[in-house]
Amino acid sequence: MIYLNNAEESWPKPELVREVIARSVSEAARGRVNAKSIMRLKTRTQETMAALLGADYVSITAGATPALRSLLRRYDPWSVLTTDLEHTAVLNPLNFVSQKRDRNHGVEKSAVIVKSRNGFVKMNDIQKSLAHNTKLVVMAHASNVFGTVQDISPIGRYLERQGILFVVDGAQSAGAIPVDFSRLHCDFYVCSGHKWLFGLEGVGAVLSKNGFTGARYAPLPQSVGGRRVMGCANLAALCAGSEFVLSEKQIFRRLSCMRRMLFRALSDIKKLTVYGKDGKAPLVSFNRAGMAAERLGKALEKKSIIVRAGNQSSPLAMTGGCVRASFSYLNSTNDFRILEYALKNA
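Computed from a predicted model, the values in this text were never measured in an experiment.

> Which parts of the structure should I look at to understand the environment of His 132?
Note that His 132 resides in the loop between helix H5 (123–129) and strand S5 (134–140). Separated by 53 residues in sequence, His 132 and Ser 79 place their C-alpha atoms 9.0 Å apart.

As structure tokens, then:
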């Protein structure tokens, strides 16, 4: 099987991560998980992620989506500015906040959507879209459709001067491209644990200037030998996955080279429209003329190639849907050749 759906969840996991998961489950089964061991593991995870992502404050959360929901609902600003590249993890909470404000206060409140151009959001468009009552700007660092990476730093510096809170969704960038939180000038940077950081679902992190108190991580019940025990395999996996990314010095260079290689290969296939020419995140989306994205995705699945077909949970960015191939450091260039051959013969 060729797995190219790492933007949804990474697979396979590095050997180090697999070993840590097995050991964590074993320790839970033996009753060796307690508050003190969880706190030690949490601290180690925070220190590793801080070193990897250039942050002073790292808060372990229940995942990127719960963290974003917590942030957006907590601040409940009168005016929110976001973009058409956002994931439903951002769009859905904003819709909830808007409806809640209308229902409770009778005040019309809806997020301002800045339109992107070729997968990028321009500074001028953000500046022109800000209103006198804008309290919060939230945007993705990397598009999960186009693979484009926004230039966050100048936007962050401008919003700092305006006194506007800035939240960055880093679900598709943390572990996929170099990230230095200290230079981004954002207030919160939300990370997913089960994608490019090679962890499991149910855990993530928020990088911040002064700490974060929402959507906290809690150990999850695990089924071991037919009984329920308290364990923290997902936290252990995030720690090991972050250590793996930090230790692989060539990981970002390799992912970048692989991205260019895959984009060129797919662009040469007739009847294929490939998106994100200037993208940097390790994913490439495409459509085939005369074939719906879902149909093409199923055709590839029959050939044991796992991709994702649909709007990629970014309904404003890709209304008609597309097929997305997203790879990790553990994929090989031979995987790309197999995908290319399958597409030419689909």
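> Mind showing me how you'd approach the pairing of strand S15 (residues 322–326) here?
Residues in a regular strand project their side chains so that they alternate between the two faces of the sheet. With 5 of 5 residues buried, S15 is to be regarded as a mostly interior element. Residues Cys 322, Arg 324 and Ser 326 point to one face of S15 and Val 323 and Ala 325 to the other, with burial holding for every one of them.

> Would you mind going over the packing of aromatic side chains with me for this structure?
Describing an aromatic ring pair means giving the distance of the ring centres and the angle of the ring planes. Taken as a whole and assessed by the stated rule, the structure comprises 5 aromatic pairs. Residues Tyr 3 and Trp 11 carry aromatic rings whose centres are separated by 5.7 Å and whose planes lie at 65° to one another, so their mutual orientation is edge-to-face. You can call Trp 11 partly exposed: its relative accessible area is 44%. In textbook terms, an aromatic cluster arises when at least three aromatic residues are bridged by ring pairs, as seen for Phe 198, Phe 244 and Tyr 329. In this arrangement the basic side chain of Arg 254 is found over the ring face of Tyr 329, its NZ or CZ atom lying 5.6 Å from the centre.

> What is the right way to look at the packing of helix H8 (residues 251–267) against helix H10 (residues 333–344) in this model?
When two helices pack together, you describe them by how their axes are tilted relative to each other and by the distance separating the axes. Interaxial distance between H8 and H10 falls to 10 Å at its minimum, and their mutual angle equals 15°. Regarding the angle of H8 to H10, the classification is roughly parallel. Handedness of the crossing formed by H8 with H10: right-handed. Here Met 258, Met 261, Leu 262, Ala 265 and Leu 266 of H8 lie close against H10, whose contacting residues are Thr 333, Phe 336, Leu 339, Glu 340 and Leu 343. For the contact of H8 with H10, the residue count by class is 8 nonpolar, 1 polar and 1 charged.

> Looking at this model, I keep getting lost on the sheet that holds strand S11 (residues 272–275). Mind explaining?
To summarise the sheet geometry, strands pair through backbone hydrogen bonds and adopt either a parallel or an antiparallel arrangement. Read from one edge of the open sheet, 4 strands run S11-S12-S15-S14, paired in antiparallel fashion. A strand with exactly one partner marks an edge of an open sheet, and here the two such strands are S11 and strand S14 (308–310). Here the strands of the sheet are splayed against their neighbours by 30° on average, with no regard to which way each runs. Both S14 and S15 contribute to a ladder of 3 bridges, which runs antiparallel. For Arg 308, the partnering residue across the bridge sits in S15 and is Arg 324.

> Explain the sheet that holds strand S4 (residues 112–114) here, please?
Taken in spatial order, the 7 strands line up as S2-S8-S7-S6-S5-S3-S4 in an open sheet, and their pairing is mixed. In this open sheet, the two edge strands, each paired with only one partner strand, are strand S2 (57–61) and S4. Each adjacent strand pair in this sheet contributes to an overall mean axis angle of 20°, direction not counted. Sheet topology note: the S2/strand S8 (residues 204–208) ladder contains 5 bridges and is antiparallel. Across the sheet, residue Thr 61 finds its bridge partner in S8, namely Gly 204.

The rules we used
Residues numbered from 1 in each chain as written. Predicted model: local features only at pLDDT ≥ 70, side-chain atom pairs only at ≥ 80, totals over all residues. Heavy atoms only, no water. Helix = DSSP H or I, 4+ residues; strand = E, 2+ residues; numbered from the N terminus. Buried < 20%, exposed > 50% of the residue type's maximum accessible area, 1.4 Å probe, protein only. Phe/Tyr/Trp six-rings, centres within 6.5 Å; stacked < 30°, edge-to-face > 60°. Lys NZ or Arg CZ within 6 Å of the ring centre and 35° of its normal. Axes fitted to C-alpha atoms, helices over the stretch in contact; angles between N-to-C directions. Parallel < 35°, antiparallel > 145°, perpendicular 65-115°, else oblique. Left-handed = near helix turned anticlockwise from the far one by under 90°. Contact = heavy atoms within 4.5 Å. Nonpolar A, V, L, I, M, F, W, Y, C, P; charged D, E, K, R; others polar. Pairing = 2+ DSSP bridges.

Just geometry here; none of it tells us what the structure is for.
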